[in-house]
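Read off the chains here:
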Amino acid sequence: MAVCIAIIGKDNSPQYIATSDLDKELELQYRVHAALDVVEEKCEPGTKTTPESRELYLGLLYSTETHKIYGYVTNTKIKFIIVMDSSNTALRENEVRSMFRNLHILYTDAVCNPFYIPGEPLNSKKFDKSVRGIMTGNI
Amino acid sequence: MNNKPILTYAGAEQLFRSLESHIVSAIPLDTYEWRRPYGRPIKNVRLDAKFQQFSTEPLEKYRKGEWSIQEHPVLHIFITECNDIETYKTVIRDEIDTWLKTLQLYNIDDWMILLVETIDVRKTKNLIPRTTVLDKIRLDFASKSGDRCISVLNPAKFEQRSTESFRCLVQRIKHLMLVSYNKNIIKYEELIRAQREKRNHDGWSFLKYFLLQEELALILENLGLYTEALVQYDELDAMFSQFVTNSVFGEKHKWLETFRQQTASFPGISLKKKNKFKARDDIISGTITLIDFRNYLFERQCILLEQCDRTAEIGERLLPFLFSTLRELEVMKIEAPVGALSCWEFVCALEVLDICDRAMETKEVSCFQHCAPIWNLAKDKLYELGKLCGLLPGFTPTSEQLHTVVQLSAGIGDEPETEEMFVETQPQIEKKSHSPNRKPKKSSTQKLKDALGANEAFQKLYLELCELAISTYKHVSRLRSARLVGLDLGNFYCALNEPNKAVVFFTDLLRELKSENWNHLASQTLLELASCYRKMDDLLAYTKTCSTISCCLEMEILVRTFYFDEFLKSLKALKDHLTIDAGSNLNLALLEDHFKILGVKLLNEKLIIQDDFVVVQLKLDSYFPREVYAEKILLSFDMNSNVNEFTVNASLNESPILPISLHLDYKQDNTLACASVACETVKSKQPVRRTSSTRRKLSPTVRTDFTNSVCIECGVAIHPGVNVFELRCKAVRVGIWRFKQLSIHIDRIEFLSDRIPLKMDPFEITTKPASAVLSFKNLIAGIEQPVQLIVSGGSFIFPPDAKIVLKCSKHLKVRLRDASDDSLESQINIPLVAFKSFEERTIELDVLSELPGRSADKKIEHKVTLLCPWSRNEIEIPLHFLPALTTSCRLHTCGTQKFLHVCLKGLDGHLSLIEPKMTCEAVGVSLIDLNSKSPQQIEIYKNLTVSYLWELQVEPLKTETELPVIKVNFSAKYTNFDKPGVFRSFACSFDVTDYTTLFRIQAHIEPSELCRVGSVCSLHLKISKVHDNPFSDLMYEVLADQNMWAVCGRSAGVISMLDVECHSISLDVLPLSAGFLPLPNVRLSKYISSKSKTESRPKPLPFPPGQIYNSTKSIQIHVLAGANAEQ
């Protein structure tokens, strides 16, 4: 389902990036990086966001011919980016939403580890395994 | 496409035709207020109309429910010019009746009866007919809806007077048209809904349905309801998408086959073409291709969006439109020639950008946000095409590729005929255009064809698109995206063999990526940069890039070592043929990319004194894959100029933990109301920030002043991983310093750090002040005491004849111990011979404080002042001495004899005393020495008391009145017992007063021998005057120990000695215990009657001890055990 899941720290540095296809890793990373522009745009305090600004899900950030890039921002400004293969026309927005929710839970669990230093890259194997589970759709 | 609303006419057709042109031209002249049902907003619309002769043919369809809202007549008009009621009754009424019945048959009630009056003026002047034909018609046909019948003056005949009535007519027609539309639209919507419900039935066709619903859209568009028209198209769009999506899951629709037809033609959208509805004809004929259909739908949406003033939305919709259409083509398995779809996307993109461009130049700024990705897409598509057709730099199209170009050009199709309107407005827009470079616009199709035609044109267009994409992204502050386009552009420049242009884009991207720690991407960019620099022959930059790459931990070790070798190689080359200006910053490299400063530690344990060595331990993590050899490592430090900053930091350093405190608020009944945790920050206004919140700065590192720096100059090898170095330098300047910057020189390259990332306490370089102190233990007055003067030179440079002048306070003397002269002086000079800086010298001194001539045992305070060569101020040192001896003198009485008792008490020191002497200078007073002469010396030491006794004899003639005070002087000599040497004398004078015995007390107990416990005895007191004295009233008190004696009755009394020599008093006393009991003591006091009024009672004053002699003091009485006790 998803081809790339990325977790970006509050200072916009990558903390975790998983890609399904190693050949496209570079391109996908560039996509994720560019997506931060849109995330910033959407999170700007001045913009006319919905009255429910507590909504963490940012929706579709942008799309390319092959990919759709969705975003999610936690209250501590950690950004989750999911890149979906756009050939899957049956994909529903709610599925992406629930992927983000699950990812958020996994992330919270991972950073609760007292040995994890906030802001450092996430190296937990367990976390990686679970995220790759989300990517393939077997949550 | 002519889709004006249709109106029909019946009746006097000839007459109507004469009016038709008037009416048709009058209807669109102004707007009319359209009141719509269901609370839809009121809208002013401009109507248009065309007339047809009444026929039942379209009505037939309407009745069957297969009608088209466009072809359906809006209003039916019956026209007559009958003025005569009789004619009306016979002919016209039947005609109208038939007409109306026909209409009713088709269930239509949108009609109107028009009576054209061609009034004979003379007739109307004479009489007004009772009823007119109009009244009749109203009465007959329109009793409820009278407004459907209207009369009008024939404008052909009454040109002036008819204006008013004609205007009325036009208004009425418009009104009725809109009333009819209200009804028809609702009815048509029902029809559409019904059709939609049947969408899964066999034989239902989307194409037919599309045309059906589109008609509504067209009507709404005609009526100026663009938003509602757009909704119709959007519904159709969504419905079609859903059909296509569902077809994947096995839903089969026959009509979909229409769209499955293969085509080689992929024209882009064009909003300027003349025949906008060409595709509609294809839909009707069922020959439309998917791409044409989608194009048509999008074009229609664009036009309506533009009409709604929502041009920005066109940009927003373009990418979803393109991508979903591509998906649909895929799903429908429509094969396109390679590149054809790219062409289509490119043309669409340029077309939309053109629209947005036009809109933006007037107002829409928000457009930019959507335009930026479109520019990017156009650029990407052009690149794809360029690659396909061999147009990229360094390629020439092969014949096969040329063939592709021809095919693609054919596929795009020819430029459609543009509407004249746009052609007219174009020059005007061009004038407004901000970019002077833009030539008269070519159509998108033409642009693409030109670009595909020649390499130069392709390159030019590609570069233009890239620049536009970058600038637009930057304009909407999507910097990362802009840099990403820059990457593509950089690569293109590389291919063009213009690496110097590419470098700009790569460095921009690199900076952006590094600032946010996207190390993987950054290292890729570094590789690109390295290849650029190599092509450019920029050896210095290449060297730096190579070293950075070799330190990229994300890269594979093979790559890193390769670039490390390159780095070493080019370093060598640099040495050979490059001289670098000292001032230029070109040879600076970021230290953080290559090393990590793990720790900076000051090794000096104590305060750093000027001219000491500052020794710093530097812990460094090297990222280089192999060992590097550094010529120099320098760590600069800087005077901590900002004192405030220092203090703030100091306070922060004290408490690395935030001051968080617990707050508990209680209610009145002592239950907890609120518990909270508060953090009191140093600066209350400044929010607490995590240090990691600061973004890495982007400004280039500036080389600070390295004049003050600790360093290794001799060259050192830095191993991969953690290294520990010791840097040192001489502390030159005094002050508080802070480490600033680290610099590592490897050959010509200087790796320069940012500020030191660690929190470092500032360190201080001080000068050591010279000092002189006195060192001593407890000092004793009267004996020479050793004292050490300790002089430490510090950093002071002493002149050869330096000396310290030491001055003592009064009664204190001093001498240098090893001086030849033995005498003690109150001021001495202490020469500091050949005294060097930092030398510490101890000078032995002896001090002697004179014993005070008084009997005080408190400390004697002295002070010593030093005048030192390094300071103009005198140093005052207080000294406290304890006296070696204390002396006291007491007067003793025996009857009238007087004795002086001198007590010497040793406090400290072991002394021998000789030659005690007591003298008195008063005439008539002699002192008789009662001391034994045998021991010459008397030892005295701590807490030992030595007593001497003299009898004081005063000549009887000399009464106390003459000599109230006798001054006696006691003197003795002493020497140190352990080291007898010089005998020092000390003297002490005492005043003897009240030395004459005035009264004598005698007491005895009767019976004196048979005193028993419990039996009353009598105590006889006898007080006799010895010397005449003015004290007449005396008070006696018997002070008995309450355990021994009980005084029965009064124990005190007042007696008067006036004219009496002697007084006897008897008291009863009771012995309370057996044994030898001392007699009760008797105290005699002066009884002074009060002189002041405040004190009415007389008060007793005690006598000084020399004036009373108690002759029976200390006599003991033997008391036998009481008789009662024996019983």
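As the structure is a computational prediction, the values presented were derived from the model and not from experiment.

1. Quick notes on the overall build of chain B
- A tally of regular secondary structure across chain B gives 25 helices and 50 strands.
- Counting across all 1127 residues of chain B, residues that qualify as buried make up 45%.
- Pairs at least 24 residues apart make up 72% of the contacts formed inside chain B by residues separated by at least 6 positions.
- Working note: accessible area of chain B is about 58,700 Å², and carbon and sulfur atoms make up 52% of it.

2. Side note on the sheet that holds strand β38 (residues 984-993) of chain B
Residue and element names in this part refer to chain B.
- Across the sheet, four strands lie side by side as β35-β33-β37-β38; this open sheet has antiparallel pairing. The open sheet is flanked by β35 (938-940) and β38, the only strands paired with a single partner. Each neighbouring strand pair of the sheet contributes to a mean axis angle of 35°, computed without reference to strand direction.
- As judged from the three bridges shared by strand β33 (residues 911-920) and β35, these two strands associate in the antiparallel manner.

3. Details of the interface of chain B and chain A
- Taken residue by residue, the interface counts 30 residues in chain B and 27 residues in chain A.
- Carbon and sulfur atoms make up 55% of the area that chain B and chain A hide from each other, which totals about 2,600 Å².
- By the criterion of area lost to chain A, the three top residues of chain B are Arg327(B), Arg480(B) and Trp518(B), representing 29% of everything that side buries.
- For the pair chain B and chain A, the interface holds four salt bridges.
- Measuring nitrogen to oxygen at the nearest pair gives 2.8 Å for the salt bridge that ties Glu41(A) to Arg478(B).
- Put simply, the parts of the chain that give the side of chain B that touches chain A at least two residues each are α12 (311-331), α14 (367-388), α19 (479-495), α20 (499-515) and α21 (519-536) of chain B.
- Examining the composition of the side of chain B that touches chain A, we find that five residues originate from one element, α19(B), more than from any other.
- Grouping the constituent residues of the side of chain B that touches chain A by class yields twelve nonpolar, ten polar and eight charged.

4. Comments concerning the pattern of salt bridges
All names here are of chain B.
- Tallying each qualifying case throughout the model produces 44 salt bridges over all chains.
- With its nearest N and O atoms 3.4 Å apart, the salt bridge here joins Arg317 to Glu313. Of this pair, Arg317 and Glu313 both sit in helix α12, four residues apart, which is roughly one turn of the helix.
- Note that Arg815 and Glu784 form a salt bridge whose closest N and O atoms lie 2.7 Å from each other.

5. Thoughts on the nonpolar core
- Judged by nonpolar contacts, the single largest core of 244 residues is most densely connected at Phe206(B) and Ile744(B).
- With residues near it in sequence (within four places) discarded, Ile744(B) still touches Leu591(B), Phe595(B), Leu620(B), Ala630(B), Lys632(B), Ile633(B), Ile718(B), Ile749(B), Glu750(B) and Phe751(B).

6. Examining the side chain of Ser481(B)
- Mapped onto the fold, Ser481(B) is located in helix α19.
- In this view, Ser481(B) contacts Ala34(A), Asp37(A) and Tyr473(B); residues no more than four positions away in its chain are not counted.

7. Here we look at unusual backbone geometry
- One non-glycine residue with positive phi stands out, namely Asn12(A), at about 70°.
- Mapped onto the fold, Asn12(A) is located in the loop between β1 (2-8) and β2 (14-19).
- Accessibility expressed as a relative area gives 5% for Asn12(A), which makes it buried.
- Of note, the phi angle at Ser477(B) is positive, near 50°, even though the residue is not glycine.
- For Ser477(B), the position within the fold is in the loop between α18 (455-475) and α19.
- Given the relative accessible area of 48%, Ser477(B) is considered partly exposed.

8. Section: a nonpolar patch on the surface
All names here are of chain B.
- On the surface, Ile660, Leu662, Leu664, Tyr666, Leu672 and Val677 cluster together into a nonpolar patch covering about 620 Å² of accessible area.
- Secondary structure elements with two or more residues in the nonpolar patch: β14 (660-666) and β15 (672-679).
- Tallying contributions element by element places β14 first for the nonpolar patch, with four residues.
- Looking at the element boundaries, Val677 is found in strand β15.

9. Describing the side chain of Asn708(B)
Residues and elements named next belong to chain B.
- Relative to the helices and strands, Asn708 resides in the loop between β15 and β16 (709-712).
- Judged by relative accessible area, Asn708 falls into the buried class, the value being 19%.
- Contact partners of Asn708, with chain neighbours within four places excluded, come to Leu635, Ser636, Phe637, Arg733 and Trp737.

10. Some details on the sheet that holds strand β3 (residues 57-63) of chain A
Residue and element names in this part refer to chain A.
- An order of β2-β1-β5-β4-β3 is seen for the five strands of this open sheet, with the pairing classed as antiparallel. Pairing within the sheet leaves two strands with one partner each, and these edge strands are β2 and β3. Adjacent strand axes in the sheet meet at a mean angle of 15°, parallel and antiparallel pairs treated alike.
- Strand direction decides the pairing type here: strand β4 (residues 67-73) and strand β5 (residues 79-85), joined by seven bridges, are antiparallel. Considered in β5, the bridge of Tyr70 is made with Ile82.
- Against the sheet, helix α2 (residues 93-112) contacts β1, β2, β3, β4 and β5, and its axis sits at roughly 140° relative to β5.

11. Side note on helix α11 (residues 290-307) of chain B
All names here are of chain B.
- Helix length check: α11 (18 residues) gives 26 Å between terminal C-alpha atoms against 26 Å at 1.5 Å per residue, within 8%.
- With respect to burial, α11 is a largely interior element, 15 of its 18 residues being buried.
- Two residues or fewer past α11, Asp309 is found with a positive phi of approximately 70°.

12. Considering the packing of α14(B) against α19(B)
Residue and element names in this part refer to chain B.
- For the pair α14 and α19, the least separation of the axes is 11 Å and the interaxial angle reads 30°. As summarised for this structure, α14 and α19 are arranged roughly parallel, according to the angle between their axes. As α14 runs across α19, the sense of the crossing is left-handed. Of the residues in α19, those in contact with Asn376, Lys379, Asp380 and Tyr383 of α14 are Val485, Asp488 and Phe492.
- Across the contact of α14 with α19, the residue classes tally to three nonpolar, one polar and three charged.

13. A few points about the pairing of strand β26 (residues 812-816) of chain B
Residues and elements named next belong to chain B.
- Of all five residues in β26, four are buried, a share of seventy percent or more.
- Both β26 and strand β28 (residues 840-849) contribute to a ladder of five bridges, which runs antiparallel. Bridged to Leu816 within β28 is Leu845.

14. A look at helix α1 (residues 13-26) of chain B
Residue and element names in this part refer to chain B.
- Taking 1.5 Å as the rise per residue, α1 with 14 residues should run 20 Å; its terminal C-alpha atoms sit 19 Å apart, in good agreement.
- Of all the bends found along α1, the most pronounced is centred on Leu19 and spans about 45°.
- Along α1, the residues that are buried comprise Leu15, Phe16, Leu19, Ile23 and Ala26.
- Buried residues in α1 make contact with β1 (6-11), β4 (50-53), β5 (75-80), β6 (111-117) and α6 (162-197).

15. A look at the packing of α1(B) against α6(B)
Residue and element names in this part refer to chain B.
- For the pair α1 and α6, interaxial distance at closest approach is 10 Å and the crossing angle is 65°. In this structure, α1 meets α6 at a crossing whose hand is right-handed. Mapping the contact onto sequence places His22, Ile23 and Ala26 in α1 and Phe166, Leu169, Val170 and Ile173 in α6.
- Taken together, the residues that form the contact of α1 with α6 break down as six nonpolar, one polar and no charged.

16. Regarding the environment of Gly1014(B)
Residue and element names in this part refer to chain B.
- Positionally, Gly1014 belongs in the loop between β40 (1011-1012) and β41 (1017-1025).
- In this structure Gly1014 comes out as partly exposed when scored by relative accessible area, which is 49%.
- Along the chain, Gly1014 and Leu1072 lie 58 residues apart, while their C-alpha atoms are 6.1 Å from each other.
- Once residues lying within four places of it in the same chain are set aside, the contact partners of Gly1014 are Leu1070 and Pro1071.

17. What about the confidence of the model for chain B?
Residue and element names in this part refer to chain B.
- Taken residue by residue, chain B gives an average pLDDT of 80. The fraction at 70 or more is 88%.
- Scored below 50 in pLDDT, residues 420-439 shows 19 contacts in the model against residues more than four places distant or in partner chains.
- Segment residues 643-655 is flagged for pLDDT under 50; beyond a separation of four residues in sequence, or across chains, it makes ten contacts in the model.
- Overall fold confidence (pTM) sits at 0.67, and the ipTM for the predicted complex is 0.92.

18. Overview of the environment of Glu1037(B)
Residues and elements named next belong to chain B.
- Examined against the element boundaries, Glu1037 turns out to sit in strand β42 (residues 1033-1039).
- Measuring from C-alpha to C-alpha, the distance between Glu1037 and Ser1051 comes to 5.9 Å, with 14 residues separating the pair along the chain.
- Setting aside residues no more than four positions away along its own chain, Glu1037 makes contact with Ser1051, Ala1052, Asn1081, Val1082, Arg1083 and Ser1085.

So, how was this worked out
- Residues numbered from 1 in each chain as written.
- Chains lettered and ligands numbered in written order.
- Predicted model: local features only at pLDDT ≥ 70, side-chain atom pairs only at ≥ 80, totals over all residues.
- Heavy atoms only, no water.
- Helix = DSSP H or I, 4+ residues; strand = E, 2+ residues; numbered from the N terminus.
- Buried < 20%, exposed > 50% of the residue type's maximum accessible area, 1.4 Å probe, protein only.
- Contact = heavy atoms within 4.5 Å.
- Areas by Shrake-Rupley, 256 points an atom, 1.4 Å probe, with all protein chains shown as cover.
- Pairing = 2+ DSSP bridges.
- Axes fitted to C-alpha atoms, helices over the stretch in contact; angles between N-to-C directions.
- Buried area = accessible area lost by both parts, 1.4 Å probe.
- Salt bridge = Lys/Arg side-chain N within 4 Å of Asp/Glu carboxyl O.
- Nonpolar A, V, L, I, M, F, W, Y, C, P; charged D, E, K, R; others polar.
- Core = buried A, V, L, I, M, F, W, Y, C linked by side-chain atoms within 4.5 Å.
- Patch = residues over 30% accessible without salt bridge, like charges linked within 9 Å, V, L, I, M, F, W, Y side chains within 5 Å.
- Expected span 1.5 Å × (residues − 1).
- Parallel < 35°, antiparallel > 145°, perpendicular 65-115°, else oblique.
- Left-handed = near helix turned anticlockwise from the far one by under 90°.
- Bend = angle between axes of the 7 residues up to and from the residue.
- pLDDT = per-residue confidence, 0-100.

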